[in-house]
Amino acid sequence: MNEIPVYETPVAAAVACAEALRSLIEDALAERSVARVAVSGGSTPRLMFDALSAMPLDWKRIDWFWVDERCVPPSDEQSNYAMTARHLFTPAGVPAERIHRVRGELPPAEALEQYLAEIEQVFQTDFPEFDVVQLGLGADAHTASLFPGEPLIEEIGGVAAAVYVRKLEQWRITLLPEALFSARARLVLVTGEDKAEALRRITSEPLEPRRLPGQLLLSQQALSHFFLDRAAAAGLE
Ligand code: 6PG
């Protein structure tokens, strides 16, 4: 991880990530009429979305999906959709028909089925190639909603799945490794001291993604661009 730029503050890392996302979207829009992006949730992307929402982009031509979503209704404060709407869609004025949310209010199997159908309809194929996926890292080294021990991490094939996260007692819908690997680019935004140990472990311990899912982002198949702040990078050599 030597050449990875480390930004002084969470805001600086978020702005750099937003700038990279904007540039990848513009590259896609130069080639095609639409760009397709999948974003993560949790709290880290908020500052990045705030920065992105103020950037000039052709918002009518960008389709938004999620890397993962919690199975909660959109009115729930844990909803990744709701967070993205607050920090990105509303301030940027993203048209509703470009927002392809996971219907977290449905039973997980149904939410998954509808999400897969929506992906298929937008991409016009059953295997999506996102122009860019934006990911995060949990303090336990999870990425997307692929948590340590998750058998699907080793499964080849598959776009998305419904997973039950025992320690959170929560169902989630998540993209699977192959969909993450198939994206044209991956941006990983990790900030805060609570992530330092996870970053240290994924970069220094033997490659075992089922134990340390964040290592999926380091594999050759999935070259990713990391955006770190100084606090998250504290444990790196
Ligand atoms: C989610 C996310 C998740 C996230 C990490 C980091 O729904 O929780 O998409 O995969 O990237 O959990 O979350 P924080 O930013 O809240 O630490």
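The paragraphs below set out a description of the structure included in this document. This structure is a prediction, so every number in the text was calculated from the model and none was measured.

1. Regarding the pattern of salt bridges
For side chains bearing opposite charge, pairing can occur when the charged atoms are close. Within this structure, the stated rule accounts for 18 salt bridges. Among the salt bridges present, the one from R230 reaches E8, with a minimum N-O distance of 2.9 Å. Of this pair, R230 sits in the segment after β9 (225–229) while E8 sits in the loop between β1 (6–7) and α1 (10–31), and the two are 222 residues apart along the sequence. Across the pair E197 and R200 runs a salt bridge whose closest N-O atoms are separated by 2.8 Å. Of the two residues, E197 and R200 both sit in helix α6 (residues 196–204), 3 residues apart, roughly one turn of that helix.

2. Remarks on a nonpolar patch on the surface
A surface patch of nonpolar side chains, amounting to about 220 Å² of accessible area, comprises V11, V15 and L47. For V11, the position within the fold is in helix α1. Assessed through its relative accessible area of 47%, V11 is described here as partly exposed.

3. Side note on the site of the ligand
Contacts to the ligand come from 14 residues, most closely from T44, D68, H142, A144 and K195. For the ligand, an oxygen atom lies 2.6 Å from a polar atom in the backbone of A144. At 3.3 Å from an oxygen atom of the ligand is found a side-chain nitrogen or oxygen belonging to R172. Taking 410 Å² as the accessible area of the ligand by itself, protein coverage stands at 89%. The class makeup of the residues in the shell around the ligand is 2 nonpolar, 8 polar and 4 charged.

4. Quick word on α1
Given a rise of 1.5 Å per residue, 22 residues ought to cover 32 Å, and the 32 Å separating the end C-alpha atoms of α1 matches this to within 8%. Buried within α1 are the following residues: A13, A14, A16, C17, A18, A20, L21, R22, I25, A28 and L29.

5. What to know about the pairing of strand β8 (residues 186–190)
For β8, the buried fraction is high: 5 of the 5 residues fall into the buried class. Burial along β8 is two-sided: the residues R186, V188 and V190 and L187 and L189 are all buried. As paired strands, strand β5 (residues 132–135) and β8 are joined by 3 bridges and run parallel to one another. The residue of β8 that forms the bridge with L135 is V188. Looking at chain direction, β8 and β9 are connected through 4 bridges and run parallel. Note that in β9 the partner of L187 across the bridge is H225. As for the winding sense of the linkage, the β-α-β connection from β8 through α6 to β9 is right-handed.

Conventions we followed
Residues numbered from 1 in each chain as written. Predicted model: local features only at pLDDT ≥ 70, side-chain atom pairs only at ≥ 80, totals over all residues. Heavy atoms only, no water. Salt bridge = Lys/Arg side-chain N within 4 Å of Asp/Glu carboxyl O. Helix = DSSP H or I, 4+ residues; strand = E, 2+ residues; numbered from the N terminus. Patch = residues over 30% accessible without salt bridge, like charges linked within 9 Å, V, L, I, M, F, W, Y side chains within 5 Å. Areas by Shrake-Rupley, 256 points an atom, 1.4 Å probe, with all protein chains shown as cover. Buried < 20%, exposed > 50% of the residue type's maximum accessible area, 1.4 Å probe, protein only. Near = heavy atom within 4 Å. Polar contact = N/O pair within 3.5 Å; in protein donor to acceptor, adjacent residues only side chain to side chain. Nonpolar A, V, L, I, M, F, W, Y, C, P; charged D, E, K, R; others polar. Expected span 1.5 Å × (residues − 1). Pairing = 2+ DSSP bridges. Right-handed = clockwise from strand over helix to strand, strands pointing away.

Read these as layout, nothing more, since geometry by itself doesn't imply function.
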